[in-house]
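# Per-entry structural report
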Amino acid sequence: MNSIRRLTKKDRPHLKGFWIEQWGAAQMIVHGEVIQYDEVDGFVHGDWNGLITFSIRGDECEITSLDSLQQGKGIGTALIDEVVSEAKERSCRRVFLITTNDNLQALGFYQRHGFSLVAVHRGAVNESRRLKPSIPLIGASNIPLRDEIELEMLI
Ligand SMILES: CC(C)(COP(=O)(O)OP(=O)(O)OC[C@H]1O[C@@H](n2cnc3c(N)ncnc32)[C@H](O)[C@@H]1OP(=O)(O)O)[C@@H](O)C(=O)NCCC(=O)NCCS
């Protein structure tokens, strides 16, 4: 049984709460751009135990968030596969995403799942912090949180 479904308009309030809970705000700041919770497409796994959001512009698909609340059970992989299929259907040339320099878990996960590192945007998180002061100075694994790392999958 496929327990993944598309986000609908009715899900927006829940999505807002989910982002606040997981990421501290109802918007993401990546590459200097503010991405609001009500501007993204997405897929939900089960009863909100996983969520992926994305945005397709031209022939590029950007994954704007990915969260699994039950890790190591294939939820993250299934959500990525869903977005990659959609990107292919919509004739995208690549799927890309930004993660941060401290997120070693995500950097490993994405590279094991077909993504390659394509750029380091040095100091980009420091810039984002001006717009969103709640972004901590120290991130996961006690690593100073300062750079954006771009990964892509060509499709
Ligand atoms: C990164 C993240 C989304 C991965 O989600 P996940 O649901 O744990 O992903 P999966 O379960 O599909 O894969 C994780 C590992 O479990 C393994 N796995 C998958 N299904 C499995 C199963 N049934 N039994 C055992 N292991 C399994 C996968 O092979 C994978 O191993 P690998 O990374 O060594 O290849 C998750 O860790 C997360 O939410 N992190 C916090 C938020 C975050 O950092 N998001 C990304 C920011 S851009």
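Look a little higher up for the structure.
This text gives an overview of the structure that appears in the document.

Calculation rules
Residues numbered from 1 in each chain as written. Predicted model: local features only at pLDDT ≥ 70, side-chain atom pairs only at ≥ 80, totals over all residues. Heavy atoms only, no water. Buried < 20%, exposed > 50% of the residue type's maximum accessible area, 1.4 Å probe, protein only. Helix = DSSP H or I, 4+ residues; strand = E, 2+ residues; numbered from the N terminus. Pairing = 2+ DSSP bridges. Salt bridge = Lys/Arg side-chain N within 4 Å of Asp/Glu carboxyl O. Near = heavy atom within 4 Å. Polar contact = N/O pair within 3.5 Å; in protein donor to acceptor, adjacent residues only side chain to side chain. Areas by Shrake-Rupley, 256 points an atom, 1.4 Å probe, with all protein chains shown as cover. 1 Å grid on protein atoms, 1.4 Å probe; cavity = no way out; pocket = protein on both sides within 12 Å on 5 of 7 lines; lining within 4 Å. Sits in = over half its atoms within 2 Å of the grid points. Points joined across faces, edges and corners; volume = space filled by probe spheres on them. Nonpolar A, V, L, I, M, F, W, Y, C, P; charged D, E, K, R; others polar.

### Details of the pairing of strand E9 (residues 148-154)
In terms of residue burial, E9 counts as a mostly covered element, since 6 of its 7 residues are buried. Where strand E7 (residues 94-100) lies against E9, 7 bridges are found, and the strand directions are antiparallel. For Val 95, the partnering residue across the bridge sits in E9 and is Met 153. Of the pairings in the sheet, the one linking strand E8 (residues 116-121) to E9 comprises 5 bridges and is antiparallel in character. Note that in E9 the partner of Val 120 across the bridge is Ile 149.

### Side note on the pattern of salt bridges
Tallied over the full model, the rule gives 11 salt bridges. The closest approach of N and O atoms between Asp 59 and Arg 93, which form a salt bridge, is 3.6 Å. Of this pair, Asp 59 sits in the loop between strand E5 (50-57) and strand E6 (60-68) while Arg 93 sits in the loop between helix H2 (75-89) and E7, and the two are 34 residues apart along the sequence. Take Asp 59: its relative accessible area is 34%, and that puts it in the partly exposed class. In this structure Arg 93 comes out as partly exposed when scored by relative accessible area, which is 42%. Among the charged side chains, a network of salt bridges with common partners joins Asp 59, Glu 60, Arg 93, Arg 94, Glu 150 and Glu 152.

### Quick word on the site of the ligand
Lining the immediate environment of the ligand, one finds 20 residues, of which Ser 68, Gly 74, Thr 77, Asn 103 and Arg 112 sit closest. The contact in question runs from an oxygen atom of the ligand to an N or O atom on the side chain of Ser 68, over 2.7 Å. When the ligand sits alone it has 940 Å² of accessible area, and the protein chains cover 67% of it. Taken atom by atom, the bulk of the ligand overlaps the largest pocket.

### A word on the layout of surface pockets
As a volume, the largest pocket reaches approximately 1100 Å³. If you go around the largest pocket, you meet 44 residues; those closest to its centre are Trp 23, Leu 66, Asp 67, Thr 99 and Asn 103. With 7 residues, E6 is the largest single contributor of residues to the lining of the largest pocket. Looking at the lining of the largest pocket residue by residue, the classes come out as 19 nonpolar, 18 polar and 7 charged.

Note that all results are geometric; they support no functional claim without further evidence.
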